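So you can see what is in the structure, the chains are spelled out below.
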Amino acid sequence: MQDLPILPTPRLSLRPWSERDLDALHTIFSNPGVRRYLCDDVILPRERIAAFIERSQRTAAANGIGSWGIYLQESDTMIGFCGFFFTEGTGELELLYGLLPEYWGQGIATEAARAALDYLWRATGFKRVFARADPPNRKSFEVMRRLGMRLHDTTPPLTSFILHRPAGLSSGQTSK
């Protein structure tokens, strides 16, 4: 089984999801501000969050990608998440992120997503990644644009953005 690494940034520590994260992730996914744009505003049962964790671990083992909890440096409190899943039905790689509302507007989602994308390009051979958001979620669109993603599709109910592997970058190199 391939373990995902901890990804440090100047302000953050991205730590791979594990079973010990169930309560923290359930709290994040249950937050009204977070679920307003994720999971159709439905409070997900703990079993579904446990399945997300297990899916991330399987994806890490099979493909070298998965999801991380977002922590402020030197903190043991998860404030959000960031990572990759395969979109059901298409098999396309999707970037997914979310933060508790008190951390919005501080550049944390962008910083975490950049670290995850840098890992994706360095450690894997994936050629592109998508990100999707509900049309009212303009702040998420801003994050995607700051990451260099381009509008791909506006088919309701979601708007899709795409990012291709940086030119000349092969796995084993850094995109910084």
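Up top you'll find the structure we're talking about.
The text that follows walks through the structure, step by step, so that each part is easy to find. Quantities reported herein were computed from a predicted structural model and do not represent experimental measurements.

Rules used in this analysis
Every chain's residues receive numbers from 1 upward, in the order its sequence appears when written. The model is predicted, so local features are restricted to residues of pLDDT at least 70 and side-chain atom pairs to those at 80 or more, both for listing and for counting; the totals for chains, interfaces and linings are taken over all residues. As a rule here, side-chain values cover all heavy atoms of the structure and leave hydrogens and water aside. Starting at the N terminus, helices and strands are each numbered in turn, a helix being any DSSP run of H or I of at least four residues and a strand any DSSP run of E of at least two. For a compact globule the rule gives 2.2 Å times the number of residues to the power 0.38, and the radius of gyration it is set against comes from C-alpha atoms. Relative accessible area decides the class of each residue, using a 1.4 Å probe on protein chains only: under 20% of the type maximum gives buried, over 50% gives exposed, and in between gives partly exposed. Throughout, a residue-residue contact means that at least one pair of heavy atoms, one from each residue, lies within 4.5 Å. Here the Shrake-Rupley method, with its probe set to 1.4 Å, supplies the accessible areas, and only the displayed protein chains count as covering residues. All tallies of charge rest on Lys and Arg as positive and Asp and Glu as negative; His and the ends of each chain are not included. A charge is said to be at NZ when it belongs to Lys, at CZ for Arg, at CG for Asp and at CD for Glu. Here, a salt bridge means any Lys or Arg side-chain nitrogen found within 4 Å of an Asp or Glu carboxyl oxygen. In this description, strands pair whenever DSSP reports at least two bridges between them. The convention used is that axes are lines fitted to C-alpha atoms, helices contributing only their stretch in contact, and that angles between N-to-C directions extend from 0 to 180 degrees. Two helices cross in a left-handed way if the nearer one is turned anticlockwise from the farther one by less than a right angle. They cross in a right-handed way if the turn is clockwise. Polar here means any residue outside two lists: the nonpolar Ala, Val, Leu, Ile, Met, Phe, Trp, Tyr, Cys and Pro, and the charged Asp, Glu, Lys and Arg; Gly therefore counts as polar.

Each helix and strand counted, the chain has five helices and eight strands in total. Beginning at the N terminus, the succession of helices and strands in the chain can be written as β-β-α-α-α-β-β-β-α-β-α-β-β. Taking 16 Å as the expected radius of gyration for a compact globule of 176 residues, we find that the chain reaches 15 Å, a close match to that expectation. Its C-alpha atoms give the chain principal-axis dimensions of roughly 40 × 35 × 35 Å. Burial status across the chain gives 51% buried among its 176 residues. Taking as baseline every contact in the chain between residues at least 6 positions apart, the subset at least 24 positions apart corresponds to 62%. As presented, the chain carries roughly 9000 Å² of accessible surface, and 52% of it is formed by carbon and sulfur atoms. Each charge class in the chain can be summarised by its mean position, and for the 21 positive and 19 negative side chains these summaries are 7 Å apart.

On to the pattern of salt bridges, then. With the rule as written, the count across this model stands at nine salt bridges. Here Asp23 and Arg46 are joined by a salt bridge, their closest N and O atoms 2.5 Å apart. With Asp23 in helix α1 (residues 22-30) and Arg46 in helix α3 (residues 46-63), this residue pair connects regions lying 23 residues apart in the sequence. Residue Asp23 is classed as partly exposed on the basis of its relative accessible area of 46%. The residue Glu88 makes a salt bridge to Arg55 at a minimum N-O spacing of 3.8 Å. In this pair, Glu88 sits in the loop between β4 (78-86) and β5 (93-99) while Arg55 sits in helix α3, placing the two residues 33 residues apart along the sequence.

Turning to the pairing of β4, a few remarks are in order. With eight of nine residues buried, β4 is to be regarded as a mostly interior element. Across five bridges, the pairing between strand β3 (residues 67-72) and β4 is antiparallel. Of the residues in β4, the one forming a bridge with Gly69 is Phe81. Taking the residues between adjacent antiparallel strands as the criterion, β3 and β4 are bridged by five residues, where Glu74 takes a positive phi near 65 degrees. As paired elements, β4 and β5 share seven bridges and run antiparallel to each other. In the sheet register, Cys82 faces β5, and the bridge partner there is Tyr97. In textbook terms, the turn of a hairpin is the stretch between consecutive antiparallel strands, and for β4 and β5 this stretch comprises six residues, one of which, Gly89, has a positive phi near 90 degrees.

Now for unusual backbone geometry. Cis rather than trans, the peptide bond between Pro156 and Pro157 has omega equal to 10 degrees. One can find Pro157 in the loop between β7 (150-153) and β8 (159-164). We note that Glu74 has phi near 65 degrees; this positive angle belongs to a residue other than glycine. Within the element layout of this structure, Glu74 appears in the loop between β3 and β4.

This part covers the packing of α1 against α3. One way to put it is that α1 packs onto α3 with a least axis distance of 9 Å and a crossing angle of 115 degrees. Relative to α3, α1 is oriented so that their crossing is right-handed. Of the residues in α3, those touching α1 at Leu22, Asp23, Leu25, His26 and Phe29 are Arg46, Ile49, Ala50, Phe52 and Ile53. Considered class by class, the residues forming the contact of α1 with α3 number seven nonpolar, one polar and two charged.

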